[in-house]
Amino acid sequence: MTDAYPELLDAIARIAEDAGRAILEVYDSDFAVESKADDSPITAADRRAHDVIRAGLERLPGGRPILSEEARTVPWDVRRQWKEYWLVDPLDGTKEFVQRNGQFTVNIALVRTGRPVLGVVHVPVLGVTYGGIVGHGAWKAAAAGAQHAIHVRLPGAGPVRVVGSRSHRGPDLDGYLERLGPHEMVPMGSSLKFCIVAEGEADVYPRLGPTSEWDTAAAEAVLVAAGGRVVASNGQPMAYNKGPDLLNPWFIASGGDPRDWTEYLP
């Protein structure tokens, strides 16, 4: 099965890039912003990207089921039977989209037996795509450019580079950073935070707040493929499709520094 993953990854990258073009059509217009039941924002771009991705995935062989942020109502009694499925966030970082800062992404992951094994993160405004297959490596490609391998950086001199959210910050993260000691902060939105670590531009991304499984799966696959790791606050790997609740625990994504990053948690 894994022998087919490189070809599958390229197909997923093309689907994500198609979704990115649909997003940009809305981004360049006078779009409206609505609210979901949880008061999070949604736009026509979220819906268009979802439709493009669903159609693209349904054309692929294998008939794998799809779980998307914009179609999240698959009952647990159905999902619990899934061994392999697509986990999608058609537009991660809608707040960044609304603020027009460009730091939003398209996320598509293949999850197998509770772990992301393949992922694509596309950045529409930059035309940049990240891809990774766990155990086989990760790459980055600019618009219409060749793929080049990326890897997490090893520990070096100077302060730790911490990547953090533009939209979510609170006292728990402030306390973590105080215990961590000297550091540089790299503000970034959406799943790009994982990718910054994956390509060696930061050391750690502590997320001490709520996220959902579709927010993290694709970028986790890229980071792990690049030599990094993601652990929950208990030090254990993140689990996907683990129950009716699709929320993640607090987690820490890190690069080549082997220290126990959970020791700075409250």
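Computed from a prediction, not measured in an experiment: that's the story for all the values here.

Chemist: Where do I start with unusual backbone geometry in this structure?
Modeler: For residues that are not glycine, phi is negative in most cases, and the peptide bond is trans in most cases. We note that Arg100 has phi near 55°; this positive angle belongs to a residue other than glycine. Relative to the helices and strands, Arg100 is located in the loop between helix H4 (94-99) and strand S5 (105-112). The exposure class of Arg100 is partly exposed, given its relative accessible area of 41%.

Chemist: I keep staring at the pattern of salt bridges and nothing clicks. Help me out?
Modeler: One side chain can pair with another of opposite charge once the charged atoms of both are near each other. Per the counting criterion, the structure on display carries 14 salt bridges. The residue Arg21 makes a salt bridge to Asp18 at a minimum N-O spacing of 2.4 Å. Highlighted residues: Arg21 and Asp18, both in helix H1 (residues 5-27), separated by three residues, approximately one helical turn. You can call Arg21 partly exposed: its relative accessible area is 49%. Note on Asp18: relative accessible area 34%, which makes it partly exposed. The partner of Asp77 in a salt bridge is Arg80, and the shortest N-O contact between them spans 3.7 Å. In this structure Arg80 comes out as partly exposed when scored by relative accessible area, which is 47%. Through salt bridges with shared partners, a single ionic network connects Arg64, Glu84 and Arg112.

Chemist: Looking at this structure, how should I read the sheet that holds strand S4 (residues 84-92)?
Modeler: Each strand in a sheet pairs with another by means of backbone hydrogen bonds, the pair being arranged parallel or else antiparallel. The strand order S3-S4-S5-S6-S7-S8-S9 describes an open sheet built from seven strands, whose pairing is mixed. Strands at the two margins of the open sheet, each flanked by one partner only, are strand S3 (66-68) and strand S9 (147-150). Mean inter-strand twist for the sheet, computed between neighbouring axes without regard to direction, equals 20°. Taken together, the seven bridges between S5 and strand S6 (residues 115-123) define a ladder with antiparallel strand orientation. Bridging from a neighbouring strand, Leu110 pairs with Leu118 of S6. On the sheet, H1 packs against S4, S5, S6, strand S7 (128-133), strand S8 (137-141) and S9 and is oriented at approximately 40° with respect to S6. Across the face of the sheet, helix H2 (residues 44-59) comes into contact with S3, S4 and S5 while running at roughly 155° to S4.

Chemist: Is there a simple way to explain the packing of H1 against H2 in this structure?
Modeler: When two helices pack together, their arrangement is given by the angle between the helix axes and the distance between those axes. In the contact formed by H1 and H2, the axes pass within 8 Å of each other and the chain directions differ by 155°. Judged by the inter-axis angle, H1 sits roughly antiparallel to H2. For the crossing formed where H1 meets H2, the hand is right-handed. Mapping the contact onto sequence places Ile12, Ile15, Asp18, Ala19, Ala22, Ile23, Glu25 and Val26 in H1 and Ala44, Ala45, Arg48, Ala49, Val52, Ile53, Gly56 and Leu57 in H2. A per-class count over the contact of H1 with H2 returns 12 nonpolar, one polar and three charged.

Cut-offs applied
- Residues numbered from 1 in each chain as written.
- Predicted model: local features only at pLDDT ≥ 70, side-chain atom pairs only at ≥ 80, totals over all residues.
- Heavy atoms only, no water.
- Helix = DSSP H or I, 4+ residues; strand = E, 2+ residues; numbered from the N terminus.
- Buried < 20%, exposed > 50% of the residue type's maximum accessible area, 1.4 Å probe, protein only.
- Salt bridge = Lys/Arg side-chain N within 4 Å of Asp/Glu carboxyl O.
- Pairing = 2+ DSSP bridges.
- Axes fitted to C-alpha atoms, helices over the stretch in contact; angles between N-to-C directions.
- Contact = heavy atoms within 4.5 Å.
- Parallel < 35°, antiparallel > 145°, perpendicular 65-115°, else oblique.
- Left-handed = near helix turned anticlockwise from the far one by under 90°.
- Nonpolar A, V, L, I, M, F, W, Y, C, P; charged D, E, K, R; others polar.

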